[in-house]
Every structure is written in C-alpha cells, then in structure tokens.
Amino acid sequence: MSTTASPLQIGPHTVQPPVVLAPMAGITNAPFRTLCREFSGGKGLFVSEMITTRALVERNEKTMQLIHFDATEKPRSIQLYGVDPATVGKAVRMIAEEGLADHIDLNFGCPVPKVTRKGGGSALPFKRNLLRAILREAVSGAGDLPVTMKMRKGIDDDHITYLDAGRIAVEEGVTAIALHGRTAAQHYGGTADWDAIARLKEHVPEIPVLGNGDIWSAEDAVRMVRETGCDGVVVGRGCLGRPWLFSDLVAVFEERTEARAGGTDGRSARPTLREVADVMVRHATLLGEWIGDEARGVIDFRKHVAWYLKGFAVGSEMRKRLAITSSLQALRGGLDELDLDQPWPAGADGPRGRTSGNNRVVLPDGWLKDPYDCAGVSEDAELDTSGG
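Here goes a summary of the coordinates provided. Everything numeric in this text was worked out from a predicted model, so none of it was measured.

**Quick notes on the sheet that holds strand 5 (residues 77-81)**
- In spatial order, the strands read 3-4-5-6-7-10-11-12; together these 8 strands close into a barrel with parallel pairing. On average, each strand axis in the sheet is inclined to that of its neighbour by 25°, with strand direction left out of account.
- Here strand 4 (residues 45-52) runs beside strand 5; their pairing, made up of 4 bridges, is parallel. Residue V47 lies in a different strand from strand 5, and its bridge partner there is S77.
- The strands touched by helix 8 (residues 194-203) are strand 7 (147-152), strand 10 (176-180) and strand 11 (209-212); relative to strand 11, the strand with the most contacts, the crossing angle is about 175°.

Here it is in structure tokens:
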C-alpha cells in the first residue's frame, strides 16, 4: 500500500506531508522548532509550546518571548491554554488583530496536575458547555485564522469525552482535531489507543483528525495513518533528542528512498555520535542566541542531554558532567572526549521521555458531579504563567 498521504489542510495552510510537531512545555521553543524544520526541509507544521491566555493578554515578558517566531517559520502556530471563555477570546483576538500567528491550537490534552486541578487541559472537555463556550469565543475572535484543538480520550476510563468533544468542535467551527489516544489518568503510560483515533475520524468526517501517541519512528506514523484513517500525525516524545526524525517523516510520506545520515534502510536517519554531538552543540547555541545569554542557553539545554545520548556508550560520570555544563566550550569539550565514531545504537529509536501512567487526576472539587455545570471553575484558573 502506498505511504503517500494527502495534504493536510488547516484553514488556508496546506501541510504536506501531514506531520505536526506537538507542543511540549519547555521543549518546542523557537530553537527546537528551528532544528526540526531544518531536518524536515521546512515541511510540516511546528507548534509553539503551550501559552497561558491570561499571561498573553497581560503581555507577560516570558510569554511574549515564547511567542517569538523565526522569520522563516510559516505558518506561525501558537498553542493556547485557558479555561475562561472571555480570556481565551481576548487572547485569540489579540493574536489575530496584532498578526502574532497564522494558526491557533487550543490545549485540551495536558494531564499535569497544575493544569487539571484548575479545570484546564484534559480535564476541561468533561464540562461540555464550558468547552463549547471556549471554542465559540476562540473561533469568533480568530477571524480568518484557523482554530484547531488537541485533546485526550477523557479524564479516565469512566469519564470518556472525546466523541462528545469532537462533535462540539465541529459545531463550533474548529478546523481540525488532534487526539492523543490516552486518558489523562494514563499520562504517558501504557499503550496509546489508536482505535479511538479511528472512531473519532468516523465520528467527525467533516474535518481533519490527527493522531497522536506512540509514534517513535516514521514507520509508526505511516502505520497510524493506514490503521486509523487519520488525516495526519502529531509527533511529541518521539523527537526528543532526535529532531532528525522529521527528516524520516518527510521521506517516508514522500516515498523517498535515498539514504540519509547513515540510514541503512534507505529512510531512517541513524547518525553517528559525531553527528549527534554536532546537533547537540547547535541546539545549545541556538538556545543561547534565543535567550541572549550563552550560559543560560547551555543550562536550558541540559534537559536534552540524556535524550540525545540515549543508547550510546557514555559513562555515567561523563553523562553527569555533560548534564551540568554551563558553556558551549565545556559542552563541546566533553563531547569530544567520547568515541564519536560510535554508530547509532540498536534500540535507540524506541520510546523516550515520560512513561508514567495510572495517575490520579487532580481536579477541582466537585468537577465530576455534572458534565454541564461550569460552576467549578475557580477565579484564579487563568493565573498560571506560560509554558506549563
């Protein structure tokens, strides 16, 4: 069966191949998006990390930096988090009127406690009327900008919401939906339910549905499209420490067969440690330039070190040393002490990032009593800073 996928249409924007970088807090900032775009040849859609609507409306300094886009980023894509329809509406209108982005995605999938305890993220679709009100305000305020949403199956197996949420999204004019095939309680544990993605596609045939969850390789992405009928894929943890995954994704969807970066199957990029080290230094350099301080950029890069080096023969002491560097010289010097001729390790294409599951979802008091009553939303639910 052909792996060539139809272009993904997000409002006026054609995304071909239909591959989207998932928003990840503290990860998908401008430097990381730049790396991923470089490997993809500029193809795909790359979404900012999550932005809190209240912080955006109040022009929080950190938030205004987070919504900075490189001049080469087109379309510019912002993901917003909010629980108050009026505030979400203000944020969307601000983006539209000031030309801050070309596409707005709404977060209804984040499972972390600091978000769900205030009724946001993956907790919110349980409140059907609140979800509808937020989507209505967002679509109304966006003008010509397309509005999409990302969500999970539900809060837990007893509170599944994605089919109701999908229908509400269609009725309120949302352009596309991305579904992570897990509940909030699962966090990132277990196996993503791709059958749910297929059911959602059947349930809302009017708009594109994107699948998310357990895409660790380009072949996984193609298999998801084939098995679920989804219109595109959203890739998150699979590209941690591996931005060249987007090169694989473009190649497999375009059915290219030329070998790249040491790939032995003609499609998978399997760089040597030397090539990985070069990307690590470039990533840290970009972060320093973005932040405006080399040391802070290298410090911010530390979280990526283990992901980049996964599977390579690097001693524990060296791993610790590289994880506490604060200058590009120290980072490059440490990497140069390694056996840089090491080939890509067997099994390094597999799962990475957080895998915890079966968590109790922290919710506002009484949240589950009535799926239509919105009284449980607290007054300070919009006060978190961005990036969560």
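Moving on from the coordinates now.
**Remarks on the pairing of strand 10**
- Within strand 10, 5 of the 5 residues are buried, which leaves it mostly tucked inside the rest of the structure.
- With 5 bridges joining them, strand 7 and strand 10 adopt parallel strand pairing. Opposite T148, over in strand 10, you have A176 as the bridge partner.
- As judged from the 4 bridges shared by strand 10 and strand 11, these two strands associate in the parallel manner. Within strand 11, the position partnered with I177 by the bridge is V209.
- One crossover worth recording links strand 10 to the parallel strand 11 by way of helix 8, and it is right-handed.

**Description of helix 10 (residues 245-253)**
- The buried count for helix 10 comes to 9 of 9 residues, which makes it a mostly enclosed element.
- When helix 10 is considered as a whole, its buried residues turn out to be L245, F246, S247, D248, L249, V250, A251, V252 and F253.
- Phi for E255, located one or two positions after helix 10, is positive at around 60°.

**So, the pattern of salt bridges**
- Applying the stated criterion to the full structure yields 28 salt bridges.
- The closest approach of N and O atoms between E172 and R136, which form a salt bridge, is 2.8 Å. With a gap of 36 residues between them, E172 in the loop between helix 7 (162-171) and strand 10 and R136 in helix 6 (residues 128-142) connect regions that are remote in the sequence.
- One salt-bridge network, in which partners are shared between bridges, spans R33, R37, D70 and E73.

Calculation notes
- Residues numbered from 1 in each chain as written.
- Predicted model: local features only at pLDDT ≥ 70, side-chain atom pairs only at ≥ 80, totals over all residues.
- Heavy atoms only, no water.
- Pairing = 2+ DSSP bridges.
- Helix = DSSP H or I, 4+ residues; strand = E, 2+ residues; numbered from the N terminus.
- Axes fitted to C-alpha atoms, helices over the stretch in contact; angles between N-to-C directions.
- Contact = heavy atoms within 4.5 Å.
- Buried < 20%, exposed > 50% of the residue type's maximum accessible area, 1.4 Å probe, protein only.
- Right-handed = clockwise from strand over helix to strand, strands pointing away.
- Salt bridge = Lys/Arg side-chain N within 4 Å of Asp/Glu carboxyl O.

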